[in-house]
Amino acid sequence: MRLVAVAVPVPFLDLLTYNVPDSLAMPPIGARVRVPVGARTLTGCVVRHDALVEDGTEVKDIAEALDREPLLPSSIVELCRWVAEYYVAGIGDALAVAMPPGARRQGSAFRKQRIAALSAMGLDQGLTPRQGAAVQILSAAPAGLPTAELRERGVTPAVLAGLVKRGLVVMRDERDERDPFERAAMTDVVPDANRELTDEQERAAGELFALADAAQFRVALLHGVTGSGKTEIYLRLADRVRRSGRQVLLMVPEIALTPSMTALVRGAFGDRVGIQHSALSIGERHDQWHRIRRGEVDLVIGTRSAVFAPLDRLGLIVVDEEHDSSYKQEETPRYHGRDVAIMRASREHALVVLGSATPSMESFHNAATGKYVRITLERRVLDRPLAAVRVVNMRTEYADEGPEIVISRDLAAAIGERLACGDQALVLLNRRGYSTAVFCRQCGDTFECPNCSVSLTVHRARHGVHGSREPSRGGWRARCHYCNYSVLVPTACRKCAAPYLEHAGFGTERIEEQLRERFPQARIGRVDRDSVRRKGALTQMLSKFAARELDVLVGTQMIAKGHDFPGVTLVGVISADVGLGLADFRASERSFQLLTQVAGRAGRGERTGEAIVQTLYPDHYSIQLACRQDYPAFFEREVVYRRGMRYPPFLALINGIVRGRTFDDAMHEAREIVRRLEPATATGRFTVLGPAPAPLGRLRGEHRVQFFLKGTRRSDMRNALMQVVADMPEIRRRLTIDVDPLSVL
Ligand code: ADP
Ligand code: ZN
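A brief report on the enclosed structure follows. (Residues numbered from 1 in each chain as written. Chains lettered and ligands numbered in written order. Predicted model: local features only at pLDDT ≥ 70, side-chain atom pairs only at ≥ 80, totals over all residues. Heavy atoms only, no water.)

## Concerning the side chain of Gln247
Turning to its location among the elements, Gln247 is positioned in strand β10 (residues 247-251). Within polar-contact distance, the side chain of Gln247 engages the backbone oxygen of Val297 at 3.1 Å. (Helix = DSSP H or I, 4+ residues; strand = E, 2+ residues; numbered from the N terminus. Polar contact = N/O pair within 3.5 Å; in protein donor to acceptor, adjacent residues only side chain to side chain.)

Next up, the structure:
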């Protein structure tokens, strides 16, 4: 018999063993095969050739071999095996992340899009306000605009239909050639190859060049304050690696948030660039993946899943903003893109560069203990000063101005000044929606999610015409941010019928509304997950802001990430306290990172910048130190707490969550798991904490109970867990295992 081990796309399933019948050539590792699984035939991937079976076991034949050459390089198959083991996931789940999308589907090369344009004739008399707004938008675009874009700007299909009927607007279809870069490359950044590096950049680049030239596995942490010119260093390093005949992988947190990076890379590498991220269409991803696989690129830029890009001459992996939580996948396999990158580089003898102004505690600790090479950029390029940060104590503000105040006097004044002189401002609030709750003044009734243990966030039910100054009309919708349950908020209380429903708390929508009321002449945009739902909407909004078509941009942490908007001289933080009170050991770290990063968006152009941070806890160390942008002091302070509490980076954590129909079911099973784990803790190398109700006790209708494994060696903890899971196979469907969890809520 010729046996092969095959991974199939069935959750939690281990490798299956099949026989290769004599009629078929031996499929190589990484090739796809069709195999019988139960009553079905599935497409799987050959993972090993040395499969063994016990005597007497019946082994089925492979039904069909799909590839003569491996679809996945064997290095990627091996990497996926490591991911499956490290993150206690099924090998099929891990391989699914690395496979090209729609491995069985061909994408079509063209998409059609509808374009609406003003017709040459027609009288715009007696238009509704919405039609008028639409005409105004279209009159600025002689070639017309795609309907999808119009919709984004508040022009609904119904409004367009009305205008077409009046003969004011004509529609046409256009073929949209598939160019995934088009949407990203809209900024006017021009890479300047002849630009002189600053002394600091020169020194950092020199050290990195030496590491790259050695062509060995190393990890370097490039810790550079915001605006210190890290991107320039990445590009030069990438160029050097390319010249030596090896390839580069450049990982970024979210492609749409780093359009200038994509444009720069494209400028420097031209066609020899591949792009990989989930916002591409299936067809685009498919094209890109195969270009990379065929070796047609020297550099891949992408988000976390790009860590599996099928490059076979890898010399360098750059993980930009390495501290960013979007590198962690919050579904199975729960891998961390940065950590997989390091593992991949170690197998392929490549250099890893982790870049950040606010490194994760883990990475900085590794640099401090000498495991990583540390390279520091302490100054901004051209010695531009860091933004001066002012803290506004909101307690004083409430005392003086009443409890309703959201935008402090100082912040309002500062925004007014920027508007007057034509500068731009960013306003951050890391909480979307209009308000955090509605309640009845008379009986106190509130809106809670029926499926999850959270209260519903209130949103505007309908949006007004985007860019118009009229406040939007329509009612309120209360929505669960976990399960998406939503309900229209009635005008009177459901319980007592009193008409006194009141909003409590505030989110980005409310900030936008208040700013519009206060500064009616300002052009204001908003960026959060609600406002950028449509594909391309985020890029569009950011490019409008970059082109100075907007004065103020309100948003969640999305606006805090690596942008370079030279016109921004003011950053306002509405509440530095969102997230601080959470029972999560990373709360201070996250809040320090967010504040430092957002303050770093100010003053990147020629004019100096200022940040104003509103808080109820002006003395909290993560707020104080973020205001001084003093990372080393923050690390020193935080590390004492982590060591004392025995948290990462000093110990490793594994989080287990058991879901059940009732709380008792979940608790009962979690207790059983913990009981079975106990004997393995006798070595003293790890402990088990819990079980206890999870902080989010109910989610999507299921009850949740959690436990933790905490120890110095992950392998011991993993082995113990895998043994328990093997003994209780049914539990896999109700147990989520998160190795190195980023969030423990
Ligand atoms: P970081 O990623 O470290 O926050 P960037 O790479 O975005 O910083 O650089 C900040 C700004 O400085 C960018 O506008 C960039 O074009 C500019 N810049 C970088 N290096 C130089 C240099 N050597 N001379 C002049 N400007 C530079
Ligand atoms: Zn819910």
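## Some remarks on unusual backbone geometry
Cis geometry is adopted by the peptide bond preceding Pro333, which originates at Thr332 and carries an omega value of -10 degrees. Looking at the secondary structure, you find Pro333 in the loop between β13 (314-320) and α10 (337-348). Following Pro648, the chain continues to Pro649 via a peptide bond in cis, the omega torsion being 10 degrees. Mapped onto the secondary structure, Pro649 falls in the loop between α18 (631-645) and β27 (652-660). Notably, His349 is not glycine yet its phi reads approximately 55 degrees, a positive angle. With respect to the secondary-structure elements, His349 resides in the loop between α10 and β14 (351-356). Given a relative accessible area of 48%, His349 falls into the partly exposed group. The backbone of Arg548 sits at a positive phi, close to 65 degrees, despite the residue not being glycine. (Buried < 20%, exposed > 50% of the residue type's maximum accessible area, 1.4 Å probe, protein only.)

## Quick word on the site of ligand 1
For ligand 1, the set of nearby residues contains 15 residues, the closest of which are Glu196, Gln201, Gly227, Lys230 and Asp564. In this structure, Arg195 approaches ligand 1 through a side-chain N or O atom, which is 3.0 Å from an oxygen atom. The backbone of Gly229 places a nitrogen or oxygen atom 3.1 Å from an oxygen atom of ligand 1. If ligand 1 stood free it would expose 570 Å²; the protein chains cover 82% of that surface. Residue classes in the shell around ligand 1 are distributed as three nonpolar, seven polar and five charged. (Near = heavy atom within 4 Å. Areas by Shrake-Rupley, 256 points an atom, 1.4 Å probe, with all protein chains shown as cover. Nonpolar A, V, L, I, M, F, W, Y, C, P; charged D, E, K, R; others polar.)

## As for the coordination of the zinc ion (ligand 2)
Taken together, the protein donors to the zinc ion (ligand 2) comprise Cys449 (SG), Cys452 (SG), Cys480 (SG) and Cys483 (SG), at separations of 2.2 to 2.4 Å. Here the zinc ion (ligand 2) binds four donor atoms, and the angle range of 103 to 112 degrees at the metal identifies the geometry as tetrahedral. Sequence positions of the donors to the zinc ion (ligand 2) reduce to the motif C-x2-C-x27-C-x2-C. With Cys452 in the loop between β18 (437-440) and β19 (457-460) and Cys480 in the loop between β20 (476-479) and β21 (486-489), the pair connects residues that are 28 residues apart, well separated along the chain. (Donors = N, O, S within 2.8 Å, 3.2 Å for Na, K, Ca; no water. Tetrahedral: all angles 85-135°; square planar, octahedral: opposite > 155°, others 65-115°.)

## So, the packing of aromatic side chains
Tallied over the entire structure, the rule returns 14 aromatic pairs. Ring plane angle 65 degrees and centroid distance 4.8 Å describe the contact between Phe364 and Tyr631, whose orientation is recorded as edge-to-face. Taken as a pair, Phe364 in helix α11 (residues 361-368) and Tyr631 in helix α18 lie far apart in primary sequence, 267 residues in all. By relative accessible area, which is 3% here, Tyr631 ends up buried. Ring centres of Tyr641 and Tyr647 lie 6.2 Å apart, and the angle between their planes is 50 degrees; this geometry places the pair in the tilted category. Overall, the relative accessible area of 31% leaves Tyr641 in the partly exposed class. Chaining the aromatic ring pairs together yields one cluster made of Phe364, Phe592, Tyr621, Tyr631, Phe634 and Phe635. One residue, Arg494, lies across the ring of Phe447, its end atom 3.8 Å from the ring centre. Directly above the aromatic system of Tyr621 lies the positively charged group of Arg637, at a separation of 4.1 Å from the ring centroid. (Phe/Tyr/Trp six-rings, centres within 6.5 Å; stacked < 30°, edge-to-face > 60°. Lys NZ or Arg CZ within 6 Å of the ring centre and 35° of its normal.)

## Some words on helix α14 (residues 508-518)
Burial within α14 is extensive, with eight of its eleven residues counted as buried. Restricting attention to buried positions, one finds in α14 the residues Thr508, Glu509, Arg510, Ile511, Glu512, Glu513, Leu515 and Arg516. On its buried side, α14 packs onto α13 (409-421), β17 (424-428), β19, β22 (501-504), β23 (524-527) and β24 (552-555). (Contact = heavy atoms within 4.5 Å.)

## Structural notes on the pattern of salt bridges
For the structure on display, the rule yields 47 salt bridges. In this structure, Asp298 engages Arg272 in a salt bridge whose closest nitrogen and oxygen atoms are separated by 3.1 Å. Here the residue Asp298 occupies a position in the loop between α9 (282-293) and β12 (299-302), and Arg272 occupies one in the loop between α8 (259-269) and β11 (273-276), the gap between them amounting to 26 residues. Classification of Arg272 by relative accessible area gives partly exposed; the value is 33%. Here Arg338 makes a salt bridge to Asp339, at a shortest N to O gap of 3.0 Å. A residue is classified by how much of its surface remains accessible, and Arg338, at 7% relative accessible area, is buried. Each of Arg390, Asp410, Glu417, Arg418 and Glu610 takes part in salt bridges that share partners, so that together they form one network. (Salt bridge = Lys/Arg side-chain N within 4 Å of Asp/Glu carboxyl O.)

## Notes on the packing of helix α19 (residues 663-677) against helix α20 (residues 714-727)
Packing of α19 against α20 leaves a shortest axis separation of 10 Å and a crossing angle of 125 degrees. As the angle between them shows, α19 and α20 are arranged oblique. Crossing hand, α19 versus α20: right-handed. Note on element contacts: α20 touches α19 through Ala720, Leu721, Val724 and Asp727, opposite Ile673, Arg676 and Leu677. Taken together, the residues of the contact of α19 with α20 sort by class into five nonpolar, no polar and two charged. (Axes fitted to C-alpha atoms, helices over the stretch in contact; angles between N-to-C directions. Parallel < 35°, antiparallel > 145°, perpendicular 65-115°, else oblique. Left-handed = near helix turned anticlockwise from the far one by under 90°.)

## Things to note about the pairing of strand β29 (residues 702-711)
Counting buried residues in β29 gives eight out of ten residues, a clear majority hidden from the surface. Judged from the nine bridges that link them, β27 and β29 form a sheet pairing that is antiparallel. Bridge pairing in β29 links Val658 to Val705. In this sheet, β29 lies alongside strand β28 (residues 686-699) in antiparallel orientation, the contact comprising eight bridges. What sits directly across from Arg698, in β29, is His703. The turn linking β28 back onto β29 is made up of two residues, and Arg700 within it adopts a positive phi angle of 50 degrees. (Pairing = 2+ DSSP bridges.)

Take it as geometry only, folks, not as evidence of what the structure does.
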